[in-house]
Amino acid sequence: MAGAAYEVGYDDRYRVAARALRARMVRRIVAGGGLVDPAWRAAFADVPRHVFVLGYGLDELPGDDRDPRRRLRRLASAYADRPIATHVVGGELVSSSSQPSLMALMCEALDVVDGHRVLEIGAGTGYNAALIAHRLGPDAVTTIDIDEEITAAARTHLDAYGTPAARSVVVVTGDGALGHAARAPYDRIMATCALPVIPEAWLEQCRPGGLILAPIATGLVALTVHGPGRAEGRFLHTPAFFVALRGAAAGSAHRRLGDELFGGWHPDRSRYGMSVDGARQWLWLDDPHGPDTWGVSA
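Keep in mind the model is a prediction, meaning the values are calculated, not measured.

Draft legend 1. Local environment of the overall build of the protein. When helices and strands are tallied, the protein shows 10 helices and 12 strands. Counting every position in the protein, which comprises 298 residues, the buried fraction comes to 54%. When the accessible surface of the protein is totalled, it reaches about 13000 Å², and 51% of it is carbon and sulfur.

Pasting the structure below:
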């Protein structure tokens, strides 16, 4: 993407380094078994993470520091496989950018195809929305966050990246637990914040046959929606720790339950699943109607 809008003002060395760092990040994710889909591999290779995450105290330099070595070290820190804290309120972390390898796993787990429309719960820096928009094209992605400061930053970053797909992302300030009915129905809903239960609004706004990917009980569950109020699916193999969903309907995420289910002796996480049937939601081992079940509530 030579001459991309976001590269204006940077010298050739910086631009070349940024592209090389993205390529190295992708190689490392692929070596770990991720980014099997070439379309997602291209998204992670093209979307400049540093445009979205630098400026949050990450190896920050004084504004007048032009030392090229320090600038390049700071750039490299944006492509390390680690989460980056981005927003703190009252001493509590409320938003972050997840480590790229986990983002890659979640993006592929969405199992999107061309023409799908996605609602992301938790706008963060806008980087994840930019990745999804790269994969699906313009007018496919809506992202929501309750904090106006977070959504304003996400809009700024998406605009700075500057592709038509990125600038088409609809960034909404609102309670994520309520979804965003104005642009429903969605084919996929991805939450990037920990939840106690699946909000009813998401089940109403996701098409039958659609998928909800959400962090529950320190894991990631992929639920197929079978209609309003009904969904079922299994956990992915990986643990996942996210900041909690905020808002009137947020409740309290079940960290202790996750420790009970997945700590110590646990079988493979993918043997666990979750079912939603009206007002009842429960986790289970092997069989949704078997002897090992755990009810969850907000």
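More follows now that the structure is in view.
Draft legend 2. Quick peek at unusual backbone geometry. Going from Ala-184 to Pro-185, the amide bond is cis rather than trans, its omega being 5°. Topologically, Pro-185 is positioned in the loop between strand E5 (170-173) and strand E6 (186-191). Even without being a glycine, Thr-218 presents a positive backbone phi close to 65°. As for its placement among the helices and strands, Thr-218 is situated in the loop between strand E7 (206-216) and strand E8 (219-227).

Draft legend 3. Layout of the sheet that holds strand E3 (residues 118-121). Taken in spatial order, the 10 strands make up an open sheet running E5-E4-E3-E6-E7-E8-E9-E10-E11-E12, and their pairing is mixed. Each edge of the open sheet carries a strand with a single partner, namely E5 and strand E12 (293-295). Strand-to-strand, the axes of this sheet are offset by a mean angle of 20°, without reference to chain direction. Bridge analysis of E3 against E6 gives four bridges, and the strand direction is parallel. If you follow Leu-119 over to E6, its bridge partner there is Ile-189. Contacting E6, E7, E8 and strand E9 (230-239), helix H5 (residues 100-109) crosses the sheet at an angle of about 150° to E9.

Draft legend 4. Just the packing of aromatic side chains, in detail. Considering all chains together, one arrives at three aromatic pairs under this definition. Seen from their ring centres, Tyr-272 and Trp-294 are 6.1 Å apart, and the 45° between their planes marks the pair as tilted. One end of the pair, Tyr-272, is in strand E10 (residues 272-277); the other, Trp-294, is in strand E12, with 22 residues separating them in the sequence. An aromatic cluster of at least three residues, connected via ring pairs, comprises Phe-52, Tyr-127 and Tyr-161. The cationic tip of Arg-280 hangs over the ring face of Trp-282; the distance from NZ or CZ to the ring centre is 3.7 Å.

What counts and how
Residues numbered from 1 in each chain as written. Predicted model: local features only at pLDDT ≥ 70, side-chain atom pairs only at ≥ 80, totals over all residues. Heavy atoms only, no water. Helix = DSSP H or I, 4+ residues; strand = E, 2+ residues; numbered from the N terminus. Buried < 20%, exposed > 50% of the residue type's maximum accessible area, 1.4 Å probe, protein only. Areas by Shrake-Rupley, 256 points an atom, 1.4 Å probe, with all protein chains shown as cover. Pairing = 2+ DSSP bridges. Axes fitted to C-alpha atoms, helices over the stretch in contact; angles between N-to-C directions. Contact = heavy atoms within 4.5 Å. Phe/Tyr/Trp six-rings, centres within 6.5 Å; stacked < 30°, edge-to-face > 60°. Lys NZ or Arg CZ within 6 Å of the ring centre and 35° of its normal.

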